[in-house]
Amino acid sequence: MVIISSGGLPGGSYTLPLIEETRAELFSSMEVLLDAPYAEVISLKECSPHGSFLYELKFDSWRNLNCDSGKEPYSPKCGDLFVLSDVAPEIASDMEHCVKTCTFALVMKDMKESNATEDDKVSSYLEFRTSKLVEAKDGMRNSVFAVFLVNMTTKIRIWRALHMSGNLQIIKEVLCSNSMVEVCNFCSLQDYSTWDEQLGRRLSLVLDESQATAVLNSISVALCNHKSSIKLIWGPPGTGKTKTLSILLYTLLSKSCRTLACAPTNVAVKEVALRVLKLVKDPYHMDPGKDELLCSMGDLLLFGSRNRLEVFDDLEEIYLDHRVDRLVECFAPQNSWKKCFITMINFLEDFVAQYHLLENESVGKAKTSVRNDSTSMVPNSFLGLIRDRYRAHNFEGMVCLLNLLDSFGSLLSQNDANDKEIETLFTHGEVVDSCHKLESEACTSRNSAQLYKIRNECIDTLRSLCHSLSHVLPESMNRSLVWQFCFQSASLIFCTASSSYTLHRVEMDPLNLLVINEAAQLRECESVIPMHLKGIRHAILIGDERQLPAMVASKVSDGAGFGRSVFERLSSLGHSKHLLNIQYRMHPKISAFPNANFCWNQILDAPNVLCKNYERHYLQGTMFGPCSFIRKR
């Protein structure tokens, strides 16, 4: 079976297996209805127009939220499929006794209520699309129950991807081609020896020979503009797949190659994103002696479900939702980035006048009222007020853009600052570059002179930066535009293969390269979702088809190859694979079995597993040994 239908588009081969797999999952969920999350409907309202099968449903409290032991509590989300019935069914046959209502309902939208709080973790107001019309009477409480069955999001995305007419370059040139020629004749004639040799030296510091060769060959593939291609990197357990992939992605950031990094699961996506972020923040191991960052944090973007990705402080700065929240603040009219620049310039240019004005206002209030707020009191000195204002306006946040402000703040906090001298110097509005001119102002403190000089440099830099950013950034943007802006600015995007469906509706420059981690566990039909994206010309798949494939519920679908990956299919057709041939994880006596039975004895043991101190260490106690069975209650 192949992924291309007779019409030349993906879809025909997988339509029936996808339907059968969905049926099997629904049947499986019907067998455990007793433990499924459910709630009683207390309000049911049909959305306009009539006959659209759209309804807004409001529920009372949800039950069985913790039905899956060891998993997070259930919370309704878009794509969840429910059954609406007159009774709360415990087994599938109970639905045969439904008198008025028995229909499937798919969550289309989470309707946030105006009085909802952050503590309301489980939504009670959702918009559904039903499989048939439901009788809806406002103000009447009907005995209707909603019972959760399964989430359909990935299935729906696969279905749409299989039937869309998107980018078919990889699919037609590689997956649909009978030719197994993998080398581009044009690129093979070009001389990449200079950058190849320099990069090779850097890679040899952190990678073994097979890993470094995989990175170099992958970069050559990514930079080819003549023909589409797919490169396979075969990494048995412990051979450093994730390490190799993270260094490849880090290196691609310097090649102006817009890349999408996918994986079948959120765990795999998060692991790669963490490693790349660490390399970007600390490039010393890749480039000794290099202090500056390879790219800005804006070049990295991670998106998906916060709960499933388990995004905490370690990944928050590249996580989409967090970035959008921060940028919305920056582009809010009352606190826009331009207003911050102007406020800072005014602070540095004309603060003496502001100080005297505040001082006069405070004196006037003191004469008319005995009672004075601490907020209306002026500090004892000009220096005291300027220190307070510097901290209160949070100007330290701009230090990342202007190192001068860091120096200004440090000098301002030193004890030898002369209050009257600084006030006199700050009265001057013009920049003074000459040291002799500074001395003529009776400047006895070196600290004061440096403050004055840095203050003027800050003003010039702020004006220049504000002017240049005005040509790039708008003064204000709404949340939707900020969301688009984050994708447009990113060079490396992380998400699951299923979540990459979101990118089909994002207006941005085309991506160039698709990289899939754990590719042997990603179903071929699901990999079509990212392959369809505009601009994708090449794909690099890294995985191990000798490990367990994607799970398939239906034996019929499994027999039709529904769980097979692109990695497995190309490998079976003779497509070459680059082998990572050194394992760093298992004791040689353990690695001998998989090496002999699955890798034809091609895997070498690394020095770290051959050393004497790499030996068996069992848990303490007589019950523990090479293998122990522990009953979990």
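Scroll up for the structure.
This report concerns the structure included in the present document. (Residues numbered from 1 in each chain as written. Predicted model: local features only at pLDDT ≥ 70, side-chain atom pairs only at ≥ 80, totals over all residues. Heavy atoms only, no water.)

Moving on to the overall build of the protein. The secondary structure content of the protein amounts to 23 helices and 15 strands. By residue count, 46% of the 633 residues in the protein fall in the buried class. Long-range pairs, those at least 24 residues apart, make up 75% of the contacts in the protein with a sequence separation of at least 6. Split by element, the accessible area of the protein, about 34,100 Å² in all, is 53% carbon and sulfur. (Helix = DSSP H or I, 4+ residues; strand = E, 2+ residues; numbered from the N terminus. Buried < 20%, exposed > 50% of the residue type's maximum accessible area, 1.4 Å probe, protein only. Contact = heavy atoms within 4.5 Å. Areas by Shrake-Rupley, 256 points an atom, 1.4 Å probe, with all protein chains shown as cover.)

For helix H8 (residues 266–281), spanning 16 residues, the distance from its first C-alpha to its last is 22 Å, which sits close to the expected 22 Å at 1.5 Å a residue. When H8 is considered as a whole, its buried residues turn out to be Asn266, Ala268, Val269, Lys270, Val272, Ala273, Val276, Leu277, Leu279 and Val280. Of the surrounding elements, those touching the buried residues of H8 are helix H7 (241–253), strand S9 (300–302), helix H9 (306–309), strand S10 (492–494) and strand S11 (513–517). (Expected span 1.5 Å × (residues − 1).)

Let us look at the packing of helix H6 (residues 209–222) against H7. Between H6 and H7, the least distance of the axes is 10 Å, while the angle of their chain directions is 40 degrees. Between H6 and H7, the interaxial angle falls into the category oblique. For the pair H6 and H7, the sense of crossing is right-handed. Of the residues in H7, those touching H6 at Gln211, Ala214, Val215, Ser218, Ile219 and Ala222 are Thr244, Leu248, Thr251 and Leu252. A class-by-class count of the residues in the contact of H6 with H7 yields 6 nonpolar, 4 polar and no charged. (Axes fitted to C-alpha atoms, helices over the stretch in contact; angles between N-to-C directions. Parallel < 35°, antiparallel > 145°, perpendicular 65-115°, else oblique. Left-handed = near helix turned anticlockwise from the far one by under 90°. Nonpolar A, V, L, I, M, F, W, Y, C, P; charged D, E, K, R; others polar.)

What follows deals with the side chain of Asn517. Structurally, the position occupied by Asn517 is in strand S11. Of the residues examined, Asn517 reaches a relative accessible area of 3% and is grouped as buried. What Asn517 contacts, discounting residues up to four positions off in sequence, is Thr242, Leu245, Cys262, Ala263, Pro264, Ala268, Val272 and Ile542.

Moving on: the side chain of Arg258. Relative to the elements of secondary structure, Arg258 occurs in the loop between H7 and strand S8 (259–262). At 5.4 Å, Asp509 is the nearest oppositely charged side chain to Arg258, a buried residue that forms no salt bridge. Separated by 3.1 Å, the side chain of Arg258 and the backbone oxygen of Phe487 make a polar contact. A polar atom in the side chain of Arg258 sits 2.3 Å from the backbone oxygen of Asp509. When near neighbours in sequence (up to four residues on either side) are disregarded, Arg258 contacts Phe487, Gln488, Ala490, Ser491, Met508, Asp509, Pro510, Leu511, Asn512 and Leu513. (Lys, Arg positive; Asp, Glu negative; His and termini not counted. Salt bridge = Lys/Arg side-chain N within 4 Å of Asp/Glu carboxyl O. Polar contact = N/O pair within 3.5 Å; in protein donor to acceptor, adjacent residues only side chain to side chain.)

Helix packing geometry: the angle between the two helix axes and the distance between the axes. Running from N to C, helix H2 (residues 153–162) and helix H19 (residues 524–531) cross one another at 70 degrees; their axes reach a closest spacing of 9 Å. In terms of orientation, H2 and H19 fall into the roughly perpendicular class. Where H2 crosses over H19, the two elements pack in a sense that is left-handed. Contacts between H2 and H19 involve Thr154, Arg157, Ile158, Ala161 and Leu162 on the former and, on the latter, Cys525, Glu526, Val528 and Ile529.

Another point: the pairing of strand S5 (residues 125–130). Looking at chain direction, strand S2 (residues 54–59) and S5 are connected through 5 bridges and run antiparallel. Paired with Glu56 across the strands is Glu127, a residue of S5. Summarising the sheet, strand S4 (residues 102–110) and S5 pair through 5 bridges and their orientation is antiparallel. In the strand pairing of S5, Leu106 is matched with Arg129. (Pairing = 2+ DSSP bridges.)

Moving on to the sheet that holds S5. The strand order around the closed barrel built from 6 strands is S1-S2-S5-S4-S3-S6, with neighbouring strands paired in antiparallel fashion. Each neighbouring strand pair of the sheet contributes to a mean axis angle of 45 degrees, computed without reference to strand direction. Pairing of strand S3 (residues 80–85) with strand S6 (residues 144–151) involves 6 bridges; the strand directions are antiparallel. In the strand pairing of S6, Val83 is matched with Val147.

For the rest of this paragraph, the subject is the pairing of S3. By the criterion of burial, S3 is predominantly enclosed, with 6 of the 6 residues buried. Burial along S3 is two-sided: Asp80, Phe82 and Leu84 and Leu81, Val83 and Ser85, pointing in opposite directions, are all buried. As defined by bridge partners, S3 adjoins S4 across 5 bridges and the pair is classed as antiparallel. Residue pairing across strands places Phe82 opposite Ala105, the latter belonging to S4.

Moving on, we come to the pattern of salt bridges. Scanning the entire structure with this criterion turns up 11 salt bridges. Of the charged contacts, one joins Lys281 and Glu317 as a salt bridge, the two residues approaching to 2.3 Å between their closest N and O atoms. Of the two residues, Lys281 sits in helix H8 while Glu317 sits in the loop between H9 and helix H10 (320–330), which places them 36 residues apart along the sequence. Between Glu545 and Lys577 there is a salt bridge, with its nearest N and O atoms 2.7 Å apart. Within this pair, whereas Glu545 is found in the loop between strand S12 (538–543) and helix H20 (555–559), its partner Lys577 is found in strand S13 (residues 577–579), the two being separated by 32 residues in sequence. It is possible to trace a salt-bridge network through shared partners that takes in Glu524, Arg564 and Arg569.

The next point concerns the sheet that holds strand S7 (residues 229–234). Taking strand neighbours across the sheet as the criterion, the 7 strands line up as S9-S10-S8-S11-S12-S7-S13 in an open arrangement whose pairing is parallel. The open sheet terminates on both sides in strands that have one partner only, identified here as S9 and S13. Between one strand axis and the next, the sheet turns by 20 degrees as a mean value, whatever way the strands run. For S7 and S12, the ladder comprises 6 bridges, and the chain directions are parallel.

Summarising burial for H19: 8 of the 8 residues are buried, a large majority. Buried within H19 are the following residues: Glu524, Cys525, Glu526, Ser527, Val528, Ile529, Pro530 and Met531.

Everything listed here is a matter of geometry and, on its own, says nothing about what the molecule does.
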